[in-house]
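# Observations on the three-dimensional arrangement
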Amino acid sequence: MDTTRTVTLKGETVAYQVRRSAEASQIRIDAGMDGIRLVLPVDSTADPDAIMEEKAGWVLEKQARYARFREERPERRFEEGEEFPILGTGRRVEVQRISEPEVTEDAIRLPESRVESTSIREVLEEVYREEARSYFTRRADHFCEEMGASYDQIQIRNQKTRWGSYSQRTGTLSLNFRLLMAPPEVVDYVIVHELAHAEHPNHGRRFWRLVAGHVPRYEKLDDWLDENGHRLVFEDVPA
């Protein structure tokens, strides 16, 4: 169970959570959109405030970074006329008398009957998941042929902090459907990154050489995702 504490670092008040974990073997500080969390081994006798003071510069930098991200995060409203991005391009949500959803260059068209029986949000998420599965599968198959890699299945998810993963044990390539909001070259980078784990489980030199061989600009694309991933939200609090 987390407890909330506050500490003054270089004249600035910082609220943070303290969690004691049986799985933690060492002290660490996590920072993210939800705030700052200090994780301690259950038997640690360390003073939480002293640890925060020791890492004051890093903590303040992360606090400012994620405060900016929270301000920049778009507010999604599930209403007709709102704009949602697909492959880096904003598409206007339209509800029409059609039998199946349609994605065009500038619009996401939803069937009126399905919206009436559920909601714009639910139908829109179905569209994103279906479009993501179709597009990700095409790109994954393309890069499998280039890389000599393979996967057994693609799993479309909505993870809060991860864009993708690859399981060598099951051959499952998992990808976040919100990645479909990113530009195509960013999607390609994530897919290549995860497929490279089919051969290299860690992030060693050979792993990055393999990635660079298929996505030469991977470092810039990784930076883009690091600086813009908070904008790729489907709703205010991703599931």
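Preceding this section is the structure that the text describes.
Quick look at the structure, then.

Basis of the calculations
- Each chain has its residues counted from 1, following the order in which its sequence is written.
- With pLDDT at 70 or above as the cut-off, local features in this predicted model cover only qualifying residues; side-chain atom pairs require 80 or more to be listed or tallied, and sums for whole chains, interfaces and linings still use all residues.
- Remark: hydrogens and water are excluded; side-chain values derive from all non-hydrogen atoms of the structure.
- Labels follow the DSSP assignment, with helices taken as runs of H or I lasting at least four residues and strands as runs of E lasting at least two, numbered in each case from the N terminus.
- To estimate how far a helix should extend, the number of its residues minus one is multiplied by 1.5 Å.
- Any two residues whose heavy atoms approach within 4.5 Å are treated as being in contact.
- If DSSP finds at least two bridges between two strands, the strands pair.
- To obtain an axis, a line is fitted to C-alpha atoms, over the contacting stretch when the element is a helix, and the angle between two such axes runs from 0 to 180 degrees between their N-to-C directions.
- Burial status follows relative accessibility: with a 1.4 Å probe on protein chains alone, a residue under 20% of its type maximum counts as buried, one over 50% as exposed, and anything between as partly exposed.
- Residues are said to line a cavity or pocket when one of their atoms sits within 4 Å of a point; the points come from a 1 Å grid over protein atoms alone, cavities being sets where a 1.4 Å probe fits but cannot get out and pockets being open sets with protein on both sides within 12 Å along at least five of seven lines.
- Grid points are joined across faces, edges and corners, and a volume is the space filled by probe spheres set on the points.
- Three residue categories are used. Nonpolar comprises Ala, Val, Leu, Ile, Met, Phe, Trp, Tyr, Cys and Pro, charged comprises Asp, Glu, Lys and Arg, and polar comprises the others, including Gly.
- The rule is short: rings of Phe, Tyr and Trp, with Trp giving its six-membered ring, pair when the centres are within 6.5 Å, and they are stacked under 30 degrees, edge-to-face over 60, tilted in between.
- Here, over-ring charges are defined by two tests on the NZ atom of lysine or the CZ atom of arginine: distance to the ring centre within 6 Å, and angle to the ring normal within 35 degrees.
- These descriptions rest on fixed angle ranges, namely under 35 degrees for roughly parallel, over 145 for roughly antiparallel, 65 to 115 for roughly perpendicular, and the rest for oblique.
- Every case where a carboxyl oxygen of Asp or Glu lies within 4 Å of a side-chain nitrogen of Lys or Arg is listed as a salt bridge.

All right, on to helix α5 (residues 184–196) then. Every α-helix winds through 3.6 residues per turn, so residues three or four apart in the chain are directed the same way. Over its 13 residues, α5 runs 18 Å from end to end, which matches the ideal 18 Å to within 8%, given 1.5 Å per residue. Summarising the contacts, the buried residues of α5 are in contact with α4 (120–147), β10 (164–167), β11 (172–176), α6 (205–214) and α7 (218–228).

A separate point is the sheet that holds strand β4 (residues 35–41). Taken in spatial order, the four strands of this open sheet run β1-β2-β4-β3, and their pairing is mixed. The outermost strands of the open sheet, each flanked by one partner alone, are β1 (3–9) and β3 (28–32). For this sheet, the mean angle separating the axes of adjacent strands, direction not counted, is 35°. With seven bridges joining them, β1 and strand β2 (residues 12–21) adopt antiparallel strand pairing. From the neighbouring strand, R5 faces β2, where its bridge partner is Y16.

So, about the pairing of strand β8 (residues 107–111). Across the five residues that make up β8, a large majority, four, are buried. By the bridge criterion, five bridges tie strand β6 (residues 89–96) to β8 in an arrangement that is parallel. Counterpart to R92 in the pairing with β8 is A107. Relative to β8, strand β7 (residues 102–103) runs antiparallel, the two sharing two bridges.

Our next topic: the layout of surface pockets. By volume, the largest pocket amounts to about 1200 Å³. Around the largest pocket, the lining comprises 41 residues; the ones closest to its centre are M33, Y66, K160, T161 and R162. With six residues, the top contributor of residues to the lining of the largest pocket is helix α2 (residues 56–72). Partitioning the lining of the largest pocket into residue classes produces 14 nonpolar, 13 polar and 14 charged. Looking at the second largest pocket, the residues that line it are P74, R76, E83, P85, G88, G90, M181, P183, W224, N228, R231 and L232. Contributions of two or more residues to the lining of the second largest pocket are made by β5 (83–86) and α7. Grouping the constituent residues of the lining of the second largest pocket by class yields six nonpolar, three polar and three charged.

For any pair of aromatic rings, the description consists of the separation of the ring centres together with the inter-plane angle of the planes. Scanning all chains against the criterion turns up 10 aromatic pairs. A ring pair is formed by F78 and F234, whose centres lie 5.2 Å apart and whose planes are at 50°; its orientation type is tilted. Residue F78 is located in the loop between α2 and β5, and its partner F234 is located in the segment after α7; the two are separated by 156 residues in the primary sequence. Given a relative accessible area of 1%, F234 falls into the buried group. Connected via pairs of aromatic rings, a cluster forms that spans F78, F84, Y128, F177 and F234. The aromatic ring of F84 is capped on one face by R76, whose charged end is 5.3 Å from the ring centroid. Its guanidinium or amino end placed over the ring of F78, R121 lies 5.9 Å from that ring's centre, counting from NZ or CZ.

Any two packed helices are characterised by how steeply their axes cross, that is the angle between the axes, and by the distance between the axes. Running from N to C, α5 and α7 point in directions that differ by 105°, and their axes come no closer than 10 Å. Classified by the angle between their axes, α5 and α7 sit roughly perpendicular to one another. Contact residues: E185, V186, Y189 and V190 in α5; Y218, L221, D222, W224 and L225 in α7.

Let us look at the environment of F234. Residues F234 and F78, spaced 156 residues apart in sequence, show a C-alpha to C-alpha distance of 9.6 Å. With sequence-adjacent residues up to four places away left out, F234 is seen in contact with R76, F78, F84, R121, L124, E125, Y128, F177, R178 and M181.

The tally for this structure, following the rule as stated, stands at 22 salt bridges. Across the salt bridge formed by R68 and E72, the nearest N and O atoms sit 3.3 Å from each other. Separated by four residues within a single helix, R68 and E72 lie in helix α2, roughly one turn from each other. A residue is classified by how much of its surface remains accessible, and E72, at 26% relative accessible area, is partly exposed. The shortest N-O distance in the salt bridge between R231 and E72 comes to 3.3 Å. You can see R231 sitting in the segment after α7 and its partner E72 sitting in helix α2, a full 159 residues away along the chain. Since its relative accessible area comes to 34%, R231 is described here as partly exposed. Each of R65, R68, E72, D226, E227 and R231 takes part in a single network of salt bridges with overlapping partners.

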